[in-house]
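Single-letter residue listing:
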Amino acid sequence: MATISRAQLLQHPSAYFSRRPHSHSSFSINFRRRKFSVAPPLLCSSSSSSSASTNPSIVGDLLNYLNESWTQFHATAEAKRQLIAAGFHLLNENDEWDVRPGGRYFFTRNMSCLVAFAVGEKYIVGNGFHVIAAHTDSPCLKLKPKSASSKSNYLMLNVQTYGGGLWHTWFDRDLSVAGRVIVRASDGSFLHKLVKVKRPLLRVPTLAIHLNRTVNTDGFKPNLETHLVPLLATKPEEAFPESKEKSSSSPKAAHHPLLMQILSDELGCDVDDIVNIELNICDTQPSCLGGANNEFIFSGRLDNLASSYCALRALVDSCGSPGDLSSEHAIRMIALFDNEEVGSDSYQGAGAPTMFQAMRRISGSLANSYAGESAFDRAIRQSFLVSADMAHGIHPNFMDKHEEHHRPEMHKGLVIKHNANQRYATSGVTAFLFKEVAKMHNLPTQEFVVRNDMGCGSTIGPILASGVGIRTVDCGIAQLSMHSVREVCGKEDIDIAYKHFKAFYQTFSSIDRKLIVD
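Scoring rules and cut-offs
- Residues numbered from 1 in each chain as written.
- Predicted model: local features only at pLDDT ≥ 70, side-chain atom pairs only at ≥ 80, totals over all residues.
- Heavy atoms only, no water.
- UniProt positions renumbered as here; feature names shortened; annotations may be inferred.
- Helix = DSSP H or I, 4+ residues; strand = E, 2+ residues; numbered from the N terminus.
- Buried < 20%, exposed > 50% of the residue type's maximum accessible area, 1.4 Å probe, protein only.
- Contact = heavy atoms within 4.5 Å.
- Areas by Shrake-Rupley, 256 points an atom, 1.4 Å probe, with all protein chains shown as cover.
- Axes fitted to C-alpha atoms, helices over the stretch in contact; angles between N-to-C directions.
- Parallel < 35°, antiparallel > 145°, perpendicular 65-115°, else oblique.
- Left-handed = near helix turned anticlockwise from the far one by under 90°.
- Nonpolar A, V, L, I, M, F, W, Y, C, P; charged D, E, K, R; others polar.
- Salt bridge = Lys/Arg side-chain N within 4 Å of Asp/Glu carboxyl O.
- Core = buried A, V, L, I, M, F, W, Y, C linked by side-chain atoms within 4.5 Å.
- Phe/Tyr/Trp six-rings, centres within 6.5 Å; stacked < 30°, edge-to-face > 60°.
- Lys NZ or Arg CZ within 6 Å of the ring centre and 35° of its normal.
- Pairing = 2+ DSSP bridges.
- Expected span 1.5 Å × (residues − 1).

- An unreviewed UniProt entry lists the chain under the name aspartyl aminopeptidase, with Gossypium stocksii as the source organism.
- Checking UniProt for the chain, the heading Catalytic activity (unreviewed entry) contains the comment "Release of an N-terminal aspartate or glutamate from a peptide, with a preference for aspartate."
- UniProt's Cofactor (unreviewed entry) comment on the chain is quoted here verbatim: "Zn(2+)".

This is the structure we're talking about:
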C-alpha cells in the first residue's frame, strides 16, 4: 500500500479505508488488513484503555457504510453483503428454517428491514434472545408517484416529505436520486434493482434576499408543497418527442423522460424495461470527519444509520472467531427496521411482528422434538432488547432546551433515555443491567430526561417492549442537528457504542443471572 500523508487522510478519510471487495471470499482478509494499515491512532477512541490492535476503530468503516447507504434499501443491501462476507447464512421467510446451535443466520424483508442472529452453542430450549434494534430510514424527500412537473421552462420533480425533517436545510444543496427500481427481465420476470445517481442532479434553490427582504427577521417559512420542488433541468419536454406517444397510464408517463433515461443508463437497461420506481432525494456530499481535531463525523442519515452500523459490527465481531459462541447460552440478534420516522406501522416497520415471528420460528426450529410447556414464552421472559436510536446532545447555543441535570455531551458514551410517560421503554431494572455491562468494561454512560415543559419524542423501544413483553432499554449516541440534511456526532462515541454493544453480547448472560426481581 502506498504511503498516505496525514493531510490526505484528513481531507478524504473514507477513501483510505476498506472498500467493496470483488468477492465475498476476500472480504474478511481485505477488511482486517486495511483497517490496521492506515494510521490507527487517528481514528481509535482515546477513551479506551485497550490497544489499537485489540480494539480497532470502526469509524472509517462507518464512513464507508454511510456513503454506501443513501437509502434504507442501500443500507440493508450493504448490511446483507457484510453479513454474507462474515459467514452468516441467508434465510428466506417463505422457506422452512433449519437453525442449529452455533449457527449464524439472517433474512431481509422488503430489502429495507433486516434481522440477523447467532445461536449460542450452549443454547437450550427456553433460553432468551439478546437483541439490539435500530432503524434504517431517515427523514428525506421522496418522489411522488407522478413526479413530472414543469414551470417556467424548468423541468421539476414533485416530492413528498418523509418524516419530520428540518426541511429548510434541504435548500441550496447538491441533490440526486437513489432507491429501487423494478425492471422487467428478458424472461418476463421482474427484478428489484438498486440505483444511485452519484452526480449532483437536483437542487431546491432559495429565493434571493432582494425578493424576500424580511426573511432574516421573520424567518424562513417555505410552503412544503409549492416551494420544496427540486429543479431537474431547463431542457423542454419537446426534446423527447417519444414521451408524447406514451399512454397516460404508463409508468414512464408519470416521470420526466430525461429522468427515466438517466435511470436506465445507470442500470444498463432499456427505459421500457423500467416498470416502477421508488426513489429518495439524497444529498450528494460525502460523509467525512470534521472539526479542528477531526473529532466529529459530519454526515446525513446518522439518525439512525450510526446505531445500525454499530449494532451490525458488534454482532459480527462478537461471533466472528471460533469459540466466540462456545459458552453462549442465549441467541444474539440485531433487528434493523424501516419506517421508524413515520411511526413504524408498516410491513417492514417495527410495528409489524417481524422480529417476534422470527423469534418464535427460531425457538421452534431449535426445539426439535421438545414437548415441554411454552418454550417461546419462557424465552421472551429471559430476553433483553436494546433499542438504539440517536440522542439529543447538549447544544451550546440552546442549553435551555435541556433539563439542567440531564445534558448529554459528545464523547461521553451512550445516552440512556428515560421518560416516566413511557415514550422511552427504559425502566430502573433495564437501565441498571445495561449500565452494568458498561461498568464491567470501563465504558462511560450518560442519562437523558426531557424537560417537563417540552414534548418528548419516541422510538421503536415502547413498540417492541409492548409487543410481547420484552425487557427493553432505550439508548443512543449524542448528536446535533438531528433530522437535518447534514448531522454531526462525536467520533469517539461511535467506538464507545460499538464496544458497549459488543460487550452486551459477550457478557449480558452472566450479569442477568445475578439479578433477582420477580
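Once you've had a look at it, read on.
**With respect to the overall build of the chain**
Moving on, step 1. A count of helices and strands for the chain gives 13 helices and 20 strands.
Moving on, step 2. The buried share among the 518 residues of the chain stands at 53%.
Moving on, step 3. Put simply, of all contacts in the chain between residues at least 6 apart along the chain, 76% involve residues at least 24 apart.
Moving on, step 4. If you sum the accessible surface of the chain, you get close to 23,100 Å²; carbon and sulfur atoms cover 50% of it.

**Remarks on the packing of helix α5 (residues 72-85) against helix α8 (residues 302-318)**
Moving on, step 1. Orientation of α5 relative to α8, taken along the N-to-C sense of each, is 15 degrees, at an axis distance of 11 Å. With respect to α8, the element α5 is oriented roughly parallel. Read as a crossing pair, α5 and α8 show a hand that is right-handed. Packed against α5, whose contacting residues are Ala-75, Ala-79, Gln-82 and Leu-83, the element α8 presents Leu-305, Tyr-309, Leu-312, Arg-313 and Val-316 at the interface.
Moving on, step 2. Taken together, the residues of the contact of α5 with α8 break down into seven nonpolar, one polar and one charged.

**Re the pattern of salt bridges**
Moving on, step 1. This structure, assessed with the given rule, holds 14 salt bridges.
Moving on, step 2. Salt-bridge contacts for Asp-512 lead to Arg-471; the nearest nitrogen and oxygen are separated by 2.9 Å. Here Asp-512, found in helix α13 (residues 491-512), pairs with Arg-471, found in strand β18 (residues 471-476); they are 41 residues apart in sequence, far enough to count as distant.
Moving on, step 3. A residue is classified by how much of its surface remains accessible, and Asp-512, at 16% relative accessible area, is buried.

**A closer look at the nonpolar core**
Moving on, step 1. Core analysis: the largest hydrophobic core is formed by 56 residues, its most contacted members being Ile-132, Ile-297, Ile-334, Val-386, Ile-477, Ile-494 and Phe-501.
Moving on, step 2. Take this core: its biggest share by element is 10 residues, from α8.

**Here's the deal with the packing of aromatic side chains**
Moving on, step 1. The full count for this structure, using the stated rule, is 12 aromatic pairs.
Moving on, step 2. Judged by centre distance (6.0 Å) and plane angle (50 degrees), the rings of Phe-384 and Phe-504 are tilted. Taken together, the residues span a long stretch of sequence, with Phe-384 in strand β14 (residues 384-388) and Phe-504 in helix α13 at a distance of 120 residues. Accessibility classification places Phe-384 together with Phe-504 in one group, the buried group.
Moving on, step 3. Between the aromatic rings of Phe-504 and Tyr-505, the centroid separation amounts to 5.5 Å while the plane-to-plane angle is 50 degrees, which identifies the pairing as tilted. In terms of burial, Phe-504 and Tyr-505 fall into one category: buried.
Moving on, step 4. Taken together, the ring pairs in this structure connect Phe-384, Phe-434, Phe-504, Tyr-505 and Phe-508 into an aromatic cluster.
Moving on, step 5. Above the face of the Tyr-347 ring, Arg-109 is positioned so that its terminal group lies 4.6 Å from the ring centre.
Moving on, step 6. We note Arg-313 situated over the ring of Tyr-498; from NZ or CZ to the ring centre the distance is 5.8 Å.

**Digging into the sheet that holds strand β7 (residues 175-184)**
Moving on, step 1. Read across the sheet, six strands follow the order β8-β7-β10-β5-β6-β9 without closing on themselves; strand pairing throughout is antiparallel. Of all strands in the sheet, those bounded by a partner on one side alone are β8 (190-196) and β9 (231-233). The mean inter-strand angle of the sheet, taken between neighbouring strand axes irrespective of direction, is 35 degrees.
Moving on, step 2. Sheet analysis places strand β5 (residues 140-151) next to strand β6 (residues 154-162), joined by eight bridges and oriented antiparallel. Looking at the pairing, Ser-150 lines up with Leu-155 of β6.
Moving on, step 3. α5 contacts β5, β7, β8 and β10 (274-283) of the sheet and is inclined by roughly 100 degrees relative to β8.

**Focus on the sheet that holds strand β11 (residues 288-290)**
Moving on, step 1. Ordered by their spatial adjacency, five strands build an open sheet running β11-β12-β20-β19-β15, and the pairing between neighbours is mixed. Only two strands of the sheet have a single partner each, and these edge strands are β11 and β15 (391-392).
Moving on, step 2. Set on the sheet, helix α4 (residues 59-68) makes contact with β11 and β12 (296-299); between it and β12 the angle comes to about 5 degrees.
Moving on, step 3. Strands β11, β12, β19 (478-480) and β20 (487-490) of the sheet are contacted by α13, whose axis makes an angle of about 65 degrees with β20.

**Description of the side chain of His-500**
Moving on, step 1. Mapped onto the elements of the fold, His-500 is located in helix α13.
Moving on, step 2. Residue His-500 is classed as buried on the basis of its relative accessible area of 0%.
Moving on, step 3. Ignoring sequence-local partners within four residues, the contact set of His-500 consists of Leu-414, Phe-434, Val-437, Ala-438, Leu-443 and Thr-445.

**Some details on α5**
Moving on, step 1. Across its 14 residues, α5 extends 20 Å between first and last C-alpha, which sits within 8% of the 20 Å expected from 1.5 Å per residue.
Moving on, step 2. Taken across its 14 residues, α5 has 11 buried, putting it largely inside the fold.
Moving on, step 3. Among the residues making up α5, those that are buried are Gln-72, Phe-73, His-74, Ala-75, Thr-76, Glu-78, Ala-79, Arg-81, Gln-82, Leu-83 and Ala-85.

**Some words on the pairing of β14**
Moving on, step 1. Judged by how many residues are buried, β14 sits mostly within the fold: five of five residues are covered.
Moving on, step 2. Taking every second residue as pointing to the same face, both faces of β14 are buried, with Phe-384, Val-386 and Ala-388 on one and Leu-385 and Ser-387 on the other.
Moving on, step 3. Pairing geometry for strand β4 (residues 129-135) and β14, over four bridges, is parallel. By the bridge assignment, Ala-133 is partnered in β14 with Ser-387.
Moving on, step 4. Relative to β18, β14 is paired through five bridges, and the arrangement is parallel. Within β18, the position partnered with Leu-385 by the bridge is Thr-472.

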